[in-house]
Amino acid sequence: MLSVHIQKKLASFSLNLSFQADDEIVILFGPSGSGKTTILNCIAGLSHPDQGNITLNDRVLYSSDTKPLPVQKREIGYLFQDYALFPHMTVWSNITYHHPYRELTKQLVQVTGIDHLLEKFPSQISGGEKQRVALVRALATQPSLLLLDEPFSSLDEQTKLQCHEELLRLRKMWHIPVVLVTHDEAEAQKLGNRILRMNKGRLEA
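Residues numbered from 1 in each chain as written. Predicted model: local features only at pLDDT ≥ 70, side-chain atom pairs only at ≥ 80, totals over all residues. Heavy atoms only, no water.

Asks: Before we go on, may I ask you to explain unusual backbone geometry in this structure?
Replies: Most peptide bonds take the trans configuration, and most residues that are not glycine carry a negative phi. Within the chain, Q142 stands out as a residue other than glycine whose phi angle is a positive 50°. In this structure, Q142 sits in the loop between α4 (127–140) and β7 (145–149). Since its relative accessible area comes to 40%, Q142 is described here as partly exposed. Phi is positive for E150, which is not a glycine, with a value near 50°. Checked against the element boundaries, E150 lands in the loop between β7 and α5 (157–174). Judged by its relative accessible area of 8%, E150 is buried. (Helix = DSSP H or I, 4+ residues; strand = E, 2+ residues; numbered from the N terminus. Buried < 20%, exposed > 50% of the residue type's maximum accessible area, 1.4 Å probe, protein only.)

This is how it looks when you write it as structure tokens:
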């Protein structure tokens with residue numbers, strides 16, 4: 001289970017919220033600039049709250065009283081909105097970076113239709129293709145928690161639907177919490193077990 005209770009002062013408002021995620025997909029839904037990506041970054045360890053605590057399966061990721069757990073020890077898969085692919089590495093090297101080849105990786109490559117891109121570099125593929133590569137990389141680590149920041153926004157409709165189904169299948173198979181940021185109401189309704197609506201750093205009733 002993921003448990004988040006955090007406070008953080010941002011430029012134009014203060015982030016102040018609490019939520020939990022168990023074996024489910026929790027959607028963070030709201031306008032741009034409402035703090036959704038900051039929440040993901042705090043959970044992943046790329047940013048730190050000013051106060052509060054974050055735990056995952058009884059492990060303390062962050063607490064005001066202790067040193068934060070390093071990013072690489074958090075067992076979190078994260079799909080960034082800007083993809084964050086290594087430009088000097090091939091698609092295959094990006095996907096398998098820091099983890100051995102698994103049968104799951106091959107399945108994900110086939111499902112997302114990127115098998116013909118494996119020897120190319122990020123500069124040689126489209127934005128939608130980069131997003132699919134980043135999604136496979138996040139899923140292939142078999143994380144204890146999956147964070148997805150607008151994961152399907154650049155995909156064509158058919159690929160988007162395939163990725164929706166694969167995400168739902170993998171969540172059921174792994175029984176891990178997923179926190180997904182989206183601006184798409186239909187996507188939120190389809191994928192989310194719960195939808196947390198945000199406005200200026202707080203959850204709306």
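Asks: Help me understand the packing of aromatic side chains, please; the structure alone is not making it clear to me.
Replies: Think of a pair of aromatic rings as described by two things: how far the centres are apart, and how the planes are tilted against each other in angle. Inspection of the entire model under this criterion finds two aromatic pairs. Ring geometry for Y78 against F80: centres 4.1 Å apart, planes inclined by 20°, an arrangement best described as stacked. A residue is classified by how much of its surface remains accessible, and Y78, at 10% relative accessible area, is buried. Residue class for F80 comes out partly exposed when judged on its relative accessible area of 23%. Seen in terms of ring centroids, F86 and Y97 are 4.9 Å apart; in terms of plane orientation they differ by 65°. Their pairing is edge-to-face. In this pair, F86 sits in the loop between β6 (76–79) and α2 (91–96) while Y97 sits in the loop between α2 and α3 (103–112), placing the two residues eleven residues apart along the sequence. On the accessibility criterion, F86 (28% relative accessible area) is partly exposed. (Phe/Tyr/Trp six-rings, centres within 6.5 Å; stacked < 30°, edge-to-face > 60°.)

Asks: How should I be thinking about α3 in this particular structure?
Replies: Helical geometry: 3.6 residues make up each α-helical turn, so side chains three or four residues apart lie on a common side. Residues of α3 that are buried: L104, T105, L108, V109 and T112. The buried residues of α3 occupy an angular sector of 140° when projected down its axis, which confines them to one face. Lining the buried residues of α3 we find α2, α4 and α5. Looking one or two residues beyond α3, the residue adopting positive phi is G113, at roughly 70°. (Arc of directions from axis to C-beta. Contact = heavy atoms within 4.5 Å.)

Asks: How should I be thinking about the environment of I176 in this particular structure?
Replies: You can see I176 is positioned in the loop between α5 and β8 (178–182). Taking the C-alpha atoms as reference points, I176 and Y78, 98 residues apart in sequence, are found 13 Å from one another. Not counting chain neighbours up to four residues away, the residues in contact with I176 comprise D22, D23, E24, P143, S144, L145, L146 and R171.

Asks: Got a minute to help me understand the layout of surface pockets in this structure?
Replies: Here the idea is plain: a probe the size of a water molecule rolls over the atoms and shows the empty space left. Estimates place the volume of the largest pocket at around 680 Å³. In this structure, the largest pocket is lined by 23 residues; those nearest its centre are I76, G77, Y78, H98 and T141. Those elements giving two or more residues to the lining of the largest pocket turn out to be β6 and α4. For the lining of the largest pocket, the class distribution of residues is twelve nonpolar, seven polar and four charged. (1 Å grid on protein atoms, 1.4 Å probe; cavity = no way out; pocket = protein on both sides within 12 Å on 5 of 7 lines; lining within 4 Å. Points joined across faces, edges and corners; volume = space filled by probe spheres on them. Nonpolar A, V, L, I, M, F, W, Y, C, P; charged D, E, K, R; others polar.)

Asks: Would you take a moment to explain the packing of α3 against α4 for this structure?
Replies: Packed helices, taken two at a time, are described by their axes: the angle between them and the distance between them. Their axes nearest at 10 Å, the elements α3 and α4 cross at an angle of 155°. Accordingly, the angle class assigned to the pair α3 and α4 is roughly antiparallel. With respect to the hand of their crossing, α3 and α4 are arranged in right-handed fashion. For the pair α3 and α4, the contacting residues are L104, T105, L108, V109 and T112 in the first and R132, V136, L139 and A140 in the second. Counted by class, the contact of α3 with α4 contains six nonpolar, two polar and one charged residues. (Axes fitted to C-alpha atoms, helices over the stretch in contact; angles between N-to-C directions. Parallel < 35°, antiparallel > 145°, perpendicular 65-115°, else oblique. Left-handed = near helix turned anticlockwise from the far one by under 90°.)

Asks: Sorry if this is basic, but what is going on with the sheet that holds β8 here?
Replies: Backbone-to-backbone hydrogen bonds join strands into a sheet, with any given pair of strands oriented parallel or antiparallel. Read across the sheet, six strands follow the order β6-β7-β8-β3-β9-β10 without closing on themselves; strand pairing throughout is mixed. Where the open sheet ends on each side, the last strands, each with one partner, are β6 and β10 (202–203). The sheet contact formed by β7 and β8 spans four bridges and is parallel. Bridge pairing in β8 links D149 to V181. Its contacts with the sheet place helix α1 (residues 36–44) against β3 (25–29), β6, β7, β8 and β9 (194–199), and it is angled at close to 150° to β7. Those strands touched by α5 are β3, β7 and β8, and its axis lies near 130° from that of β3. (Pairing = 2+ DSSP bridges.)

Spatial relationships are all this shows, so hold off on functional conclusions.
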